[in-house]
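Examination of the molecular architecture
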Amino acid sequence: MIRNTDVKFHTPTDVSYDWAETNYFSAYIPEDNVTAWVYIIARPGVGAIAADIEVIDRICRKSLDARYFDLQQHLRIPERLEAFQLPNGLSIKAENEPKDYKIDYVGVGNTEIHWSVRGLMEPFDINDPSMDPRATGNPDHSGFGAAYANHFDMTAHVSGSLIVRGKHYPVNCVTTMDHSWGPRSERMMRPMGWVNANFDQNTAFSTIWSFDPGAREWDQFGFAHGYVLLNGKVRGLTGGRQRAIRHGVFPVGYEAVLTDIEDCEHYLVGTTLAQIPWACYSNSMAMASTVRWHYAGRIGTGLAQENWPLDRLTGNSFEM
């Protein structure tokens, strides 16, 4: 169970250099194919916080193709995680903890973010068996190892505004945010997938997968955790399978079959609309994609992230 205090730091007294607390927030404007995100990685053991603010609106093959890019790795860590302001112009404040957040950012090039994030459900604790039928308490089964020893996902409604290099966009979307804390070494990370699909304030999917880049078709992903928000009620997922259609290593679409605790099967098909090889960690290439999803006659939008750890995977051939 996630408590209201879990928006605060969980720093151990003997904190290691690789202890991390992360938050991910995003928003998209489907009519303009614009996706923006705010990702923070706090490292209390070294006194630093990384803050990544990016905007994409096309299929990108390099960071220079992004609409906006501001990733700073070594900002001084704030005293509080639940309410802080950084020198890069980013401030985050938790409200109605742990469900709601206020995010403001004034960057460079006449770029600003002003979002209200409102949770549409209780945070989904992947380690709580009362929520997640796949919870085992064993981080090896989390899909991301110890990095997801403490982790929740939450479908949320984001409203407000986004200004990108002087162009103003109103924001009104349903998306997924997450929060993790625990040891997260940047060496030999696990390949994994984090994929969501959002249709309205009552219908959304969130999934976590183990990932084998060397496998093919349906064998590439292994289901780890997830839920469906259906008619405003959350059902844990008991299993699933997923495959990516690729151009080389880049996913151009997805197909997923998911089963929930009521033995209802859900079939989703998605097409990649925007994408970038995301360097959220220096040792990783994370394929970050905006996906248009089709489900039961509905069309929605979601985000798909595949973590390709470079120290683990370089030296191999991934011609696909």
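Report follows, based on the coordinates. From a predicted model like this one, the values you see are computed outputs, not experimental measurements.

With respect to the overall build of the protein
Scanning the protein from N- to C-terminus turns up 1 helix and 19 strands. In the protein, of all internal contacts separated by at least 6 residues, the share reaching a separation of at least 24 is 57%. Per element, the accessible surface of the protein, about 13100 Å² overall, is 48% carbon and sulfur. With 28 positive and 38 negative side-chain charges, the protein shows a spacing of 3 Å between the two charge centroids.

A short note on the environment of Val106
Within the element layout of this structure, Val106 appears in strand 7 (residues 100-106). Residue classification places Val106 among the partly exposed positions, given a relative accessible area of 46%. A sequence separation of 18 residues divides Val106 from Asn88, and the C-alpha atoms of the two residues are 7.8 Å apart. If we ignore the near neighbours within four places in the chain, the residues touching Val106 are Asn88, Gly89, Thr111 and Glu112.

Thoughts on the environment of Val291
Counting through the fold element by element, Val291 comes out in strand 18 (residues 284-295). Val291 sits in the buried class, given a relative accessible area of 0%. If sequence neighbours within four positions are ignored, Val291 has contacts with Tyr254, Gly270, Thr271, Thr272, Gly300, Thr301, Gly302 and Ala304.

Side note on the side chain of Gln220
The residue Gln220 is located in the loop between strand 13 (203-211) and strand 14 (221-230) in this model. In this structure the side chain of Gln220 is engaged in a polar contact, spanning 2.9 Å, whose partner is the side chain of Arg246.

A closer look at unusual backbone geometry
Trans peptide bonds make up most of the peptide bonds, and negative phi angles are found at most residues other than glycine. Backbone torsion omega between Glu97 and Pro98 reads 5°, so that peptide bond is classified as cis. Summarising the element assignment, Pro98 is placed in the loop between strand 6 (90-95) and strand 7. Even without a glycine there, the phi angle at Asn33 is positive, about 55°. With respect to the secondary-structure elements, Asn33 resides in the loop between strand 1 (19-29) and strand 2 (34-43). A positive phi angle is found at Asn231, which is not glycine, with a value near 55°. On the basis of relative accessible area, Asn231 is assigned to the exposed category, the value being 61%.

A short note on the side chain of Arg246
Within the secondary structure, Arg246 sits in strand 15 (residues 233-247). One polar contact links the side chain of Arg246 to the main-chain carbonyl oxygen of Val249, over a distance of 2.9 Å.

Some words on the environment of Asn231
Note that Asn231 resides in the loop between strand 14 and strand 15. For the pair formed by Asn231 and Ala204, sequence separation is 27 residues and the distance between their alpha carbons is 9.4 Å. Beyond its immediate sequence surroundings of up to four residues, Asn231 is in contact with Asn202 and Thr203.

Quick notes on the sheet that holds strand 14
A barrel is described by the order of its strands in space; here 8 strands give the closed sequence 12-13-14-15-16-17-18-19, paired in antiparallel fashion. In this sheet, neighbouring strand axes are inclined to one another by 25° on average, regardless of whether the strands run parallel or antiparallel.

So, the pattern of salt bridges
Counted under the stated rule, the structure contains 14 salt bridges. A salt bridge links Arg67 to Asp57; the nearest nitrogen and oxygen atoms lie 3.2 Å apart. Residue Arg67 is located in the loop between strand 3 (48-56) and strand 4 (68-76), and its partner Asp57 is located in the loop between strand 3 and strand 4; the two are separated by 10 residues in the primary sequence. Like Arg67, the residue Asp57 is buried in the burial classification. Salt-bridge contacts for Arg246 lead to Glu306; the nearest nitrogen and oxygen are separated by 3.0 Å. In this pair, Arg246 sits in strand 15 while Glu306 sits in strand 19 (residues 298-309), placing the two residues 60 residues apart along the sequence. The exposure classification of Arg246 matches that of Glu306, with both residues buried. Each of Asp57, Arg58 and Arg67 takes part in a single network of salt bridges with overlapping partners.

Observations regarding the nonpolar core
The nonpolar side chains of a soluble globular protein tend to be buried, and buried together. The biggest cluster of nonpolar side chains holds 71 residues, and the ones touching the most others in it are Leu90, Tyr101, Ile103, Trp115, Leu162 and Trp278. The element that contributes the greatest number of residues to this core is strand 2, accounting for 8 residues. Among all residues touching Leu90, those that are not within four sequence positions of it are Val38, Ile40, Ala51, Ile53, Phe84, Gln85, Ile103, Asp104 and Tyr105. In this structure, Ala197, Trp209, Ala244 and Ala304 belong to the second largest nonpolar core, which totals 24 residues.

Here is what the cut-offs are and how they apply
- Residues numbered from 1 in each chain as written.
- Predicted model: local features only at pLDDT ≥ 70, side-chain atom pairs only at ≥ 80, totals over all residues.
- Heavy atoms only, no water.
- Helix = DSSP H or I, 4+ residues; strand = E, 2+ residues; numbered from the N terminus.
- Contact = heavy atoms within 4.5 Å.
- Areas by Shrake-Rupley, 256 points an atom, 1.4 Å probe, with all protein chains shown as cover.
- Lys, Arg positive; Asp, Glu negative; His and termini not counted.
- Charge placed at Lys NZ, Arg CZ, Asp CG, Glu CD.
- Buried < 20%, exposed > 50% of the residue type's maximum accessible area, 1.4 Å probe, protein only.
- Polar contact = N/O pair within 3.5 Å; in protein donor to acceptor, adjacent residues only side chain to side chain.
- Pairing = 2+ DSSP bridges.
- Axes fitted to C-alpha atoms, helices over the stretch in contact; angles between N-to-C directions.
- Salt bridge = Lys/Arg side-chain N within 4 Å of Asp/Glu carboxyl O.
- Core = buried A, V, L, I, M, F, W, Y, C linked by side-chain atoms within 4.5 Å.

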